[in-house]
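Residues per chain are reported as follows:
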Amino acid sequence: QIWIAVYAAEIYIAERGMSVPDAVIAGGLLALVAYSLLGRAVGCPLAGRLSDVLVKRGISRTVVLIGWLLIGMALLALLALGVTNMWALAVIFMLLGTSVNLFSLVAAAISDTYGPLRTASISSFANTMSQFAGATALAVSGYVGISLNRQPGNAITEYSGIWLSGLVGMGIMTTLAIASYLALRNGWVTRPADRDA
């Protein structure tokens, strides 16, 4: 969310000629409304409800989560292209706020897959991996942003590397999720609950 607020502020300065204090306030408000209020506070409960509806129709929560991860990757790829239209950014930020904050669906999908006796330990491991990936992407994103900048001093282009760092981190986690899903679905590995039965 911090990168989003700062990116929006940079666009307000570069595209609309706002002063730095006004741009920081406008960027922070955009991030708050689009990413947090609409994305997290509205989007996440709606995504949870959608997941419940889809499960009743035979679509697993794991498939829903993988879908949201792919949406998140597509949104980060769009940001890496240098989107500067504020309405487009508001929609991207809102959907990104939803897609990267669906932690409760992870626990629900794990419970559906492994049962209640293993949900806490597996959910904790999944959370550790996602936090590690996020922290790593955050640690390298500034460096990557500056390294990939073709126009030194152009702050907006530096964000391409930042968004690409997030995309790579999310891509790794999505690849692991898809591989795990396919391995379980095709019987290449068995669930611990299957072995206990």
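About the thresholds
- Residues numbered from 1 in each chain as written.
- Predicted model: local features only at pLDDT ≥ 70, side-chain atom pairs only at ≥ 80, totals over all residues.
- Heavy atoms only, no water.
- Helix = DSSP H or I, 4+ residues; strand = E, 2+ residues; numbered from the N terminus.
- Buried < 20%, exposed > 50% of the residue type's maximum accessible area, 1.4 Å probe, protein only.
- Contact = heavy atoms within 4.5 Å.
- Areas by Shrake-Rupley, 256 points an atom, 1.4 Å probe, with all protein chains shown as cover.
- Phe/Tyr/Trp six-rings, centres within 6.5 Å; stacked < 30°, edge-to-face > 60°.
- Expected span 1.5 Å × (residues − 1).
- Bend = angle between axes of the 7 residues up to and from the residue.
- Salt bridge = Lys/Arg side-chain N within 4 Å of Asp/Glu carboxyl O.

## Regarding the overall build of the chain
Broken down by element type, the chain carries 8 helices and 0 strands. Taken from N to C terminus, the helices and strands of the chain fall in the order α-α-α-α-α-α-α-α. Within the chain, buried positions represent 36% of all 197 residues. Intrachain contacts of the chain at a sequence separation of at least 6 include 67% that bridge at least 24 residues. Total accessible area computed for the chain in this model is approximately 11,000 Å², and 69% of it derives from carbon and sulfur atoms.

## What about the environment of Gly 82?
Position of Gly 82 among the secondary structure elements: in the loop between helix H3 (61–80) and helix H4 (86–99). A relative accessible area of 31% means that Gly 82 is categorised as partly exposed. For Gly 82 and Trp 163, which are 81 residues apart along the polypeptide, the C-alpha to C-alpha distance reads 9.6 Å.

## Looking at the packing of aromatic side chains
Within the structure shown, the criterion is met by 1 aromatic pair. A centroid spacing of 5.4 Å and a plane angle of 90 degrees characterise the contact between Tyr 7 and Trp 163, whose relative ring orientation is edge-to-face. In this pair, Tyr 7 sits in helix H1 (residues 2–16) while Trp 163 sits in helix H7 (residues 155–185), placing the two residues 156 residues apart along the sequence. You can call Tyr 7 buried: its relative accessible area is 0%. A relative accessible area of 4% means that Trp 163 is categorised as buried.

## Details of helix H2 (residues 20–56)
Taking 1.5 Å as the rise per residue, H2 with 37 residues should run 54 Å; its terminal C-alpha atoms sit 50 Å apart, in good agreement. The largest bend along H2 reaches roughly 40 degrees and is located at Gly 39. A positive phi of about 90 degrees marks Gly 58, the residue just after H2.

## Focus: the pattern of salt bridges
Throughout the structure, instances matching the rule amount to 2 salt bridges. Note that Asp 52 is salt-bridged to Arg 61, the shortest N-O span being 2.8 Å. Its relative accessible area of 32% is what places Asp 52 among the partly exposed residues. Accessibility expressed as a relative area gives 15% for Arg 61, which makes it buried. Here Asp 112 ties to Arg 61 by a salt bridge, and the two come within 2.8 Å at their closest N and O atoms. In this pair, Asp 112 sits in helix H5 (residues 103–114) while Arg 61 sits in helix H3, placing the two residues 51 residues apart along the sequence. According to the relative accessible area criterion, Asp 112 is partly exposed, its value standing at 48%.

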